[in-house]
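# Fold and contact review
One letter stands for each residue in the lines below.
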Amino acid sequence: MSLHQTYIEKANSNIEKLRTKVADNHWRLQYHVASQANWINDPNGFVFYDGEYHLFYQHHPYSAEWGPMHWGHVKSKDLANWEHLAIALAPSENYDQDGCFSGSAIEKDGKLYLMYTGNTWTGENRDTDLKQVQCLAVSEDGVNFQKLDQNPVISDVPEGNINPNHIRDPKVWKNGEHYYCVLGSKTNEETGQILLYRSSNLTDWEFLSIAAKGEGNFGFMWECPDVFHLDGKDVLVMSPQGVKPEGDLYHNLHQSGYVMGTLDYDSGILEHGNFELLDYGFDFYAPQTTVDDQGRRIMVAWMAMWESHMPEKEFDWAGAMTLPRELKLENGKIISKPVPELKALRGEVVQYENSTLKGEKKIPGISGNCYELEVIIQAKIATNFGLKLRVDEENDQETVLSYNVKEETLSFNRDKAGSGPGGIRKAPAQLKDGQLHLRIFVDKSSIEVFVHDGEQVITARIYPSEQATAVSFFADDEIELVTVKKWDINGSI
Ligand code: FRU
């Protein structure tokens, strides 16, 4: 057996030992992808292959803290129900001995290729003492992966103003006859940038250009780039580290968003407009997309943030993925909607229409800790209104979503959400015909709020008590609850 295979089996058996215990934790998510135990971060290798969606993720199978990175693996026929598979990659070679870092997947000649970053520490300093090279692994069955003998396939640092240590996270795609890949990078003066490469066979790569580079308050390093064509535009999604807060924006440690324009495949330059966030919440990082057999562009992100307190670590797991979101271009902006397949997880509906409210009230049957809630509110004469989720009055817990009519913002307040970090995040959101439309996905320790069908999204992890199941609606003056619909969700990932 290869060393790689030996390491994979060792890692799998460690996860197997913890699996049942982790499943019992009351914060364990029911319909979001997570590893069966221990740490995960970025989604990797998201791909539609042989009729199924495959999703890999950065994974440390030996503790609930980040460590030498492996690739965990799940697959799904419908993006709603997922099956856990064996770990796909483990650090086993001299070029990836300290971690198989983030990357992507592509099909070629019927085989599934993973392109990832091999990380090696060369000294004590985690910022300067590292070597990052790009590698490939291949599979004929979509489950067992062999690293290529030609690895690493990109190891030299191109000439120019490119920091020699931080070059990672290949996202590969095909355009015409060629394969292309982008890498996250930074200049020697700590400005984020994206490197573009071209290949005719996936193994020989030619550096083309610095496709995009930050200006102004745009971070010291761009991680996890993703380039794709969407409704006539070229989009670069990336995760800039170190953008400074501006007003209500950029209060997380790192950000994830996109710029949009036109990629000239000859010059390798992306002409683009302004940076826009893909999510206004606390816990959204390193998004990655894929395109499926229906031509849909689907995105998944890590539902956590670097350095944030994750109380689930105490129960031998840490981190999860967001729900899969379909991206579309509308009025010059990307909107992200939960994929329609998630409706298959809905149980019976509890539904109310057209009731007025002033003050605060609970509605019979609208409660729980694992559900989808659709709410349409007519603001009428109120200036502040919203709902409280995961309420536990006995323990003074609540997570508050409130709309401020004057500011035109929706805020998410988790200061009293339970254990775990607090804070407030705000998304700009305008009423439409005086109405606010929300689709809210509550799982055991997460909330995702889709405003006006995905124009804005707010994602957060919260850690309430098990009995925090109440929901209440509030308004400082009269509002109309035009529609309130709740479906329990019966997921079992
Ligand atoms: C992003 C990131 C990537 C890197 C990976 C390591 O969250 O820092 O740039 O490849 O995580 O786990």
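The notes below deal with the structure included here. All values reported here derive from a predicted model rather than from experimental measurement.

### Some words on the overall build of the chain
Counting secondary structure elements, the chain contains one helix and 32 strands. For the chain, whose C-alpha radius of gyration is 22 Å, the value lies close to the compact-globule estimate of 23 Å for 493 residues. Each of the three principal axes of the chain carries a C-alpha extent, and together these read 65 × 50 × 45 Å. For the chain, buried positions account for 61% of its 493 residues. Look at the contacts in the chain between residues 6 or more apart in sequence, and 59% of them connect residues 24 or more apart. When the accessible surface of the chain is totalled, it reaches about 18900 Å², and 44% of it is carbon and sulfur. Both charge centroids of the chain, one from 46 positive and one from 74 negative side chains, sit 3 Å from each other.

### With respect to the site of the ligand
Around the ligand lies a shell of 13 residues, among which D42, Q58, R168, D169 and E223 are the nearest. S102 places a polar main-chain atom, nitrogen or oxygen, 3.1 Å from an oxygen atom of the ligand. Here the ligand has 320 Å² of accessible area as a free molecule, and 95% of this is covered by the chains. Elements supplying a minimum of two residues to the shell around the ligand: strand 1 (38-49), strand 5 (100-108), strand 9 (168-175) and strand 13 (221-230). Taken together, the residues that form the shell around the ligand break down as six nonpolar, three polar and four charged.

### With respect to the pattern of salt bridges
Taken as a whole, this structure holds 34 salt bridges when the rule is applied. Among the salt bridges present, the one from E478 reaches K380, with a minimum N-O distance of 3.0 Å. In this pair, E478 sits in strand 32 (residues 470-489) while K380 sits in the loop between strand 24 (371-378) and strand 25 (384-392), placing the two residues 98 residues apart along the sequence. Within the structure, one salt-bridge network assembled from shared partners comprises E360, K388, D396, E398 and K416.

### Digging into the sheet that holds strand 5
The antiparallel open sheet is built from four strands, whose spatial order is 5-6-7-8. Edge strands, defined here as strands with exactly one partner in the open sheet, are strand 5 and strand 8 (146-147). Alignment of strand 6 (residues 111-121) against strand 7 (residues 130-139), held across 10 bridges, turns out to be antiparallel. Among the inter-strand pairings, L112 is bridged to a residue of strand 7, identified as S139.

### Some points on the pairing of strand 21 (residues 325-330)
Strand residues, when the strand is regular, have side chains that alternate between the two faces of the sheet. Pairing geometry for strand 19 (residues 297-302) and strand 21, over three bridges, is antiparallel. Its bridge partner being in strand 21, M299 is matched across the sheet by R325. Sheet analysis places strand 21 next to strand 22 (residues 333-338), joined by six bridges and oriented antiparallel. Across the sheet, R325 pairs through a bridge with P338, a residue of strand 22. Hairpin connection, strand 21 to strand 22: the antiparallel pair is bridged by two residues, and N331 has positive phi, about 50°.

### Considering the sheet that holds strand 19
Strand order in the open sheet formed by four strands is 18-19-21-22, with antiparallel pairing between adjacent strands. Both outer strands of the open sheet, strand 18 (285-291) and strand 22, are each paired with one neighbouring strand and no more. The mean angle between the axes of side-by-side strands here comes to 40°, regardless of whether they run parallel or antiparallel. Relative to strand 19, strand 18 runs antiparallel, the two being bridged by five bridges. If you follow V291 over to strand 19, its bridge partner there is R297.

### A few points about the nonpolar core
One finds I440, V449 and F473 to be the most contacted residues of the largest nonpolar core, which totals 57 residues. For this core, the element with the highest residue contribution is strand 32, accounting for six residues. Here this core spans two domains, since at least three of its residues come from each of domain 1 (3-338) and domain 2 (345-489). The residues contacting V449, other than those within four sequence positions of it, are L401, L410, F412, L438, R439, I440, Q456, V457 and I458. In this structure, I8, A11, M69 and M310 belong to the second largest nonpolar core, which totals 27 residues.

### Some remarks on helix 1 (residues 3-23)
Taking 1.5 Å per residue, 21 residues should reach 30 Å; helix 1 reaches 30 Å between its end C-alpha atoms and fits that length. Residues of helix 1 that are buried: H4, I8, A11, N14, I15, L18 and V22. Buried residues along helix 1 sit in contact with strand 1, strand 2 (52-60), strand 3 (70-76), strand 4 (83-89), strand 8 and strand 20 (317-318).

### Concerning the side chain of Q132
You can see Q132 is positioned in strand 7. In this structure the side chain of Q132 is engaged in a polar contact, spanning 3.0 Å, whose partner is the side chain of N119. A distance of 3.1 Å separates a polar atom in the side chain of Q132 from the backbone nitrogen of I167. The contact partners of Q132, leaving out residues within four places of it in the chain, are F101, T117, G118, N119, N165, H166, I167 and R168.

Conventions we followed
- Residues numbered from 1 in each chain as written.
- Predicted model: local features only at pLDDT ≥ 70, side-chain atom pairs only at ≥ 80, totals over all residues.
- Heavy atoms only, no water.
- Helix = DSSP H or I, 4+ residues; strand = E, 2+ residues; numbered from the N terminus.
- Rg over C-alpha atoms; globule rule 2.2 N^0.38 Å.
- Buried < 20%, exposed > 50% of the residue type's maximum accessible area, 1.4 Å probe, protein only.
- Contact = heavy atoms within 4.5 Å.
- Areas by Shrake-Rupley, 256 points an atom, 1.4 Å probe, with all protein chains shown as cover.
- Lys, Arg positive; Asp, Glu negative; His and termini not counted.
- Charge placed at Lys NZ, Arg CZ, Asp CG, Glu CD.
- Near = heavy atom within 4 Å.
- Polar contact = N/O pair within 3.5 Å; in protein donor to acceptor, adjacent residues only side chain to side chain.
- Nonpolar A, V, L, I, M, F, W, Y, C, P; charged D, E, K, R; others polar.
- Salt bridge = Lys/Arg side-chain N within 4 Å of Asp/Glu carboxyl O.
- Pairing = 2+ DSSP bridges.
- Axes fitted to C-alpha atoms, helices over the stretch in contact; angles between N-to-C directions.
- Core = buried A, V, L, I, M, F, W, Y, C linked by side-chain atoms within 4.5 Å.
- Domains from an automatic or database assignment.
- Expected span 1.5 Å × (residues − 1).

Fair warning: the whole summary comes from geometry, so function is off the table for now.
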